[in-house]
Amino acid sequence: MKRALALATVVMLIATPAVASAQSFWAQLGAVKGPVQPIKFPHDIHAGKLGMDCLYCHYGAEKSPLANIPAVSICMGCHKIAVADRPEVQKLAQYWDSGKSIPWVPVYMLPSHVKFNHKRHVRAGITCQECHGPVEKMAVVYQYPSLKMGWCITCHRERQNRADSQNPTIMDCLTCHH
Amino acid sequence: MSEDVVFNRRDFLKLAGIGAAATLSGCAQPPTDRLIPYLIAPDNILPGVATWYASTCRECPAGCGLLVKTREGRVIKVEGNPAHPVNQGALCGRGQATLQGLYNPDRIASPMAREDGAWKKITWEDALKRAAEKLGQAVRDHRGVAIITENATGSFEKLAGEWAGAAGGTHLVYEPFSYESLREANRRCFGLSAVPHFDFERAKMVVSFGADFLETFGSPVAQARGFAAMRARPESGFFVAVEPRLSLTGANADQWVAVRPGGEIALALGMARVILTEGLGAGDKSLGEAVAAYTPEAVEQQSDVPAELVQRLARRFAASRPSLAVAGGIASQSEQSVALIAAVNLLNQVAGNVGETVRFDRTLNFDAVAPFGEVQRLIQSMDAGQIDVLVVHGANPVYAAPAWSGFAAAMDKVQYRISLSGMMDETSDRCDLLLPSLHALESLGDAEPARGVWSLLQPTMKPVPMFDAHPAGDTLIALAKASGFGAFPAAWSEYLVARWQPLHKRFGAGKSWGAFWDESLARGGVWEEPDATQVKWSGSPAFAAPALKGGSGPALVLYASPNHYDGRGANKPWLQELPDPTTKAVWNSWVEIHPETAAGLGLAMGDPVKVETSAGSVTAPAYLYAGIRKDCVAIPLGQGHTAYGRYANGRGVNALDLLPASQDAASGAVAYLTARVRISKAAGPADLAMTQREKQQADRQIAQIIPVAVLLGTAPAPARRDTSESVPGGPGSSAHEVEEVEAFNSRPGKYTEPREMKPGEKTPAHAVTAYEPIHRARAARQIPISEGAYKNAQHRWAMAIDLNSCNGCQACVVACSAENNVPTVGPDLIQRGREMMWIRIERYEEKLDAAASSSRNDVRFVPMMCQQCGDAPCEPVCPVYATYHNPEGLNAQVYNRCVGTRYCSNNCPYKVRSFNFFDYSAPEKPTFAFPEPLNWQLNPDVTVRSKGVMEKCTFCVQRILEGKGNARDENRPLKDGEIQPACAQGCPTQAIVFGDLMDPESRVSKHSHGERRYWALNDLNTKPGITYLKKMERETA
């Protein structure tokens, strides 16, 4: 009995931090992480090297709760001509030609009981990078923050405690959970 | 459905094993869904933001304007169109439930043909070929072809007519509630066959002779709005209901005259005679001869209404100028229904109401609806084998025509029967070929529901992909083309556009066709104020009381169900679960019996009772109702389907089976009030699910009234209740105490937080509850409540509900279910008290007397939802802080924090929290409430709750957040009335007002400080955010 208890404790001790720190651990290391996408879309080239505005593709972010995954037509707006010979772009063209959309693998997933509103955050002057990390440097986009509630709250609490805090419901549960 | 899915032990273990595996693998990369973006982004869709389209409701012929809310291309809610002249922004429950017709899982999925008695799926091509073969043959051989449609009005009706003409056949517009007696009576009395526009708003007194104008009669939403406006005036607005069975409309009356069935005619004429003989009326004085025989004493003999009362009613009716008498409801449609309506016309004529409150300007469009005589002619020709091909669209005569008419049997003799219905209803089920049509929300079309209104329907979404349906107009055109008759445009849309050209000339002066069309679509149609047709009295038919058939038993009253109309609502789970407004029974039929009559038969509530006539018999649970005469029983229509999908099929009984062959003598309309029945107790257990069994409020003062004399200052305020003496703000409390409560409700900071009791302050003895004040139950707060977010609060959300306007229609309940993803649970769970609705209408029968001499009628309706208490009993008992008070006065419920102790619900004095005992959102569970594609309706802004979670009204916090966000985007303060919870938005009478108590100018502030305000269960000191306004109590006649 004692041994079983001890074993369980040990397993728990090992398991808990391992799971909890998995994200941040890999994030620090900068190793390849994030899901394999149907097309290796390089955010570092588009947002970094080319300096494209995030809102060019994710145009919903400033006017809708959802940031919006761009339609294939937006990609093809440039890639009909631009670097149309690259293999990944040809994959894109294949999707376009066959009339199929690209089944992207989601990176940022919130549970259904959380209602996050992009518009409110963008209009409050929060940059995309504050939450999504240095996307302009990411060849493969990965989940940068933990997306745990504590992570949200840290920022919300800091803003609430500012002297000029104008929003009495910034820390209210109902703002996100309804 | 639920019986099919039963786990045995082995399956359970297998599933448990899979569950365990899933749990273990949860440590690895979680399995993900895919994100599928658009191929080409549509211009009009921004994911996450709702798009609204204007359209027209097709759930009844009233034709209310709709605003249809779509998200990511699917319809998630329908609301009334504020610009539309018919309903001006509100919508009844049936209209809001049209969504569940669109997403009904039992819609016909593809064309089907009957082969060897079984349905076989076929392609559209094949289907059209088969239909054209039969149809072409019939047309070439000059054999009979018939098409039956509902009262679609507008272009579709014209197309169907032309189609039938080209095929050499007949077009029949079949509508069970056809108002043909009303039209016929108006033709005889005024020379104009029309359903008039009743102006309730202008009337100073209304007498309804069995017209359920708040439920199904005429244009209920518009009438409810006018009626509420009339009732808002304390100095007038008296309403008398004359009917043997008190309907929902009658329950709103100040006085119920429980007239003998069929005695309404005598009463109307008797009142007219009193007005004429005493020279009181403002109207026609030449009609004395017609009513000479109806002395008050004679009326008393024929109707059981005391002679005295006849005189008093008549005098008051004549003195209230203009007044209004209405008749023509289904429940009073007897063999003399034209006579009854003519009698009421005469009463209006002598009182001078014709042209004032009975107007022939915006008349309802029932012009094309076939009289029942024509239906019978079609039945005869079908029976004689003269009809080779029958096409049915939208109508369901096999169910809705009474059994004695023999429609079903005659239809079986038609060689080839084609249904264009979207649902497999009883009529489709008897057909040979199904060519499913699109739902109204997926279709382009128009309607002319009333004179001067041309209302448009537009496709608000792409057709639901699991149903391979076509627009009915296109199907008709394709059929004609394939069968080689007629010359029609290539498409239905072309036909429609051509029909709108004259309207373009008339309304779109100077605008291009495109601009005019786009504007009209966006507005919902075009309309104008029609000129009133002046009518003159042209004579009345002979008056005679109807004779009831069959022995000496109780009279059978069949009434139109406020939820299901003529039966077309029965396939929608929201409407099945929506309690009947007067009985609060769900998912069933019932037989309403007076408690004394029931006692004589040994019947208790819910006991099965057998009702027999010469035509047939039905067995249904008994509902003991003090609102029905002792010599009557009543059964609602609309249930007892033998097809029409899983939600309708097999629920309750079809009371039409009881009708003996009987028609109105003058118009030929089906007589519903025509039989006497034998009733007996049947074997079996009591089985009637009801959401509210209690009819009395037992001195709890939940629904309060105030005599109009007090409001008008002619009488002192009523004596205060003893129990509330010590309660601040309670009835009869001192001015200082009232002030304190008002201050609490309207000021920021600590007043939006639970109040701390002063040292030494004791809870009044009557207000002792099981809960401890929050500061005693928990440790002292770290941040004092006078600081932090609560101090800076900018709003105190609150609601004012006017019980004088609420008529119990329950449109708010459906609106709430639609907005907040509230599941339906079915009758078994409701019998165990597990209904999930967030708002309910409580009805209290304070005084109901079935004697015709009765003076007062006092039935009260109280919309009851979370009161958003300032000092909420639910909050301190939650062990996990899942329910708490937010800075804006909302009593929050955080689903993901809730662990399901149910302490909050146990401690809630209003019983407005509902608990997810089962997983209503899990497809694999038998309790699943949203079978595909019903789940398409779910509002993405609201969490779908899972098992073990408590839920309740949130004041539609998602709408509050959206409203605040919109204001912030435009950098402006919130406007009053900008945020409307679903219930307030849908209310036909605007009984529910929502707003910010911290804005002293808001409507809710003004209501909450008015003379009539009170708080429910105020003794408990819960400081509700909902203020009720007392119902006005008027002097009876």
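Residues numbered from 1 in each chain as written. Chains lettered and ligands numbered in written order. Predicted model: local features only at pLDDT ≥ 70, side-chain atom pairs only at ≥ 80, totals over all residues.

Kindly report on the overall build of chain B, identifying the contributing residues and their values.
Along the backbone of chain B there are 33 helices and 37 strands. In chain B, buried positions account for 59% of the 1037 residues. When contacts within chain B are restricted to residue pairs at least 6 apart in sequence, long-range pairs at least 24 apart make up 74% of them. (Helix = DSSP H or I, 4+ residues; strand = E, 2+ residues; numbered from the N terminus. Buried ≥ 20, exposed ≤ 12 C-beta atoms within 10 Å, placed from the backbone. Contact = placed C-beta atoms within 7 Å.)

An account of the packing of helix 11 (residues 296-303) of chain B against helix 12 (residues 307-319) of chain B is requested, with residue identities and associated values reported.
All names here are of chain B. Two elements in contact, helix 11 and helix 12, have axes separated by 8 Å at closest approach and are oriented at 115 degrees. When the axis of helix 11 is compared with that of helix 12, the two are roughly perpendicular. Note on packing geometry: the crossing formed by helix 11 with helix 12 is right-handed. Within the contact between the two elements, helix 11 uses P296, E297, V299 and E300 and helix 12 uses A307, V310 and Q311. (Axes fitted to C-alpha atoms, helices over the stretch in contact; angles between N-to-C directions. Parallel < 35°, antiparallel > 145°, perpendicular 65-115°, else oblique. Left-handed = near helix turned anticlockwise from the far one by under 90°.)

Give me the sheet that holds strand 18 (residues 453-457) of chain B: which residues, what numbers.
Residue and element names in this part refer to chain B. Strand order across the open sheet formed by 3 strands is 17-18-19, with antiparallel pairing between neighbours. For this open sheet the edge positions go to strand 17 (445-447) and strand 19 (525-527), each flanked by a neighbour on one side alone. Taking the axes of each pair of neighbouring strands and ignoring which way they run, one obtains an average angle of 15 degrees across the sheet. For strand 18 and strand 19, the ladder comprises 3 bridges, and the chain directions are antiparallel. Bridging from a neighbouring strand, V453 pairs with W527 of strand 19. (Pairing = 2+ DSSP bridges.)

Run through helix 11 of chain B, naming residues and quoting values.
Taken together, the buried positions of helix 11 of chain B are B:P296, B:V299, B:E300, B:Q302 and B:S303. Following helix 11 of chain B by one or two positions, B:D304 adopts a phi angle in the positive range, close to 70 degrees.

Account for the confidence of the model for chain B, naming residues and giving values.
Residue and element names in this part refer to chain B. Overall, the prediction assigns chain B a mean pLDDT of 88, with 90% of residues at 70 or greater. Low pLDDT, under 50, characterises residues 720-733; the stretch is placed with 33 contacts to residues that sit more than four places away or in other chains. Low pLDDT, under 50, characterises residues 744-754; the stretch is placed with 33 contacts to residues that sit more than four places away or in other chains. Scored as a whole, the predicted complex attains pTM 0.89, and scored at its interfaces, ipTM 0.83. (pLDDT = per-residue confidence, 0-100.)

Lay out the interface of chain B and chain A in plain terms, naming residues and giving numbers.
When the parts of a complex come together, some accessible area is lost, and that lost area is often taken as the interface size. Listed per partner, the contact involves 37 residues of chain B and 37 residues of chain A. Looking at the side of chain B that touches chain A, its residues break down into 22 nonpolar, 10 polar and 5 charged. (Nonpolar A, V, L, I, M, F, W, Y, C, P; charged D, E, K, R; others polar.)

Account for the pairing of strand 13 (residues 358-364) of chain B, naming residues and giving values.
All names here are of chain B. In terms of residue burial, strand 13 counts as a mostly covered element, since 6 of its 7 residues are buried. Here strand 8 (residues 195-198) pairs with strand 13 via 3 bridges, running antiparallel. By the bridge assignment, V195 is partnered in strand 13 with L364.

Kindly report on helix 5 (residues 154-166) of chain B, identifying the contributing residues and their values.
Residue and element names in this part refer to chain B. Helix length check: helix 5, at 13 residues, gives a terminal C-alpha distance of 19 Å against a target of 18 Å (1.5 Å per residue), a fit within 8%. All of the buried residues in helix 5 are G154, S155, F156, E157, L159, A160, W163 and A164. Where helix 5 ends, the next residue or the one after it, G168, has phi of about 70 degrees, a positive value. (Expected span 1.5 Å × (residues − 1).)

Now, about the nonpolar core: what can you tell me, with residues and values included?
One finds B:A268, B:M271 and B:A343 to be the most contacted residues of the largest nonpolar core, which totals 323 residues. Not counting residues up to four positions away in its chain, the partners in contact with B:M271 are B:V310, B:L313, B:A314, B:F317 and B:L347. Grouped together as the second largest cluster of nonpolar side chains are 5 residues, A:V72, A:C75, A:L92 and A:I102 included. (Core = buried A, V, L, I, M, F, W, Y, C linked by C-beta atoms within 7 Å.)

So, the sheet that holds strand 12 (residues 323-327) of chain B: which residues are in play, and what are the values?
All names here are of chain B. Strand order across the open sheet formed by 4 strands is 11-10-9-12, with parallel pairing between neighbours. The open sheet has two free edges, formed respectively by strand 11 (255-257) and strand 12, since each of these has just one partner strand. Along the sheet, successive strands turn relative to each other by an average axial angle of 15 degrees, direction set aside. Relative to strand 10 (residues 238-242), strand 9 (residues 205-209) is paired through 4 bridges, and the arrangement is parallel. Residue pairing in the sheet places S208 in a bridge with A241 of strand 10. Its contacts with the sheet put helix 13 (residues 337-351) on strand 9 and strand 12, and the angle it makes with strand 12 is roughly 175 degrees.

Hey, could you go over the packing of helix 5 of chain B against helix 18 (residues 472-483) of chain B for me, with residue numbers and the actual values?
Residues and elements named next belong to chain B. Look at helix 5 against helix 18: their axes get within 11 Å of each other, and the N-to-C directions meet at 15 degrees. Here helix 18 runs roughly parallel to helix 5, going by the angle between their axes. Every pair of crossing elements has a handedness; the one defined by helix 5 and helix 18 is left-handed. Between helix 5 and helix 18, the residues in contact are F156, L159, A160, W163 and A166 and A472, G473, L476 and A480, respectively.

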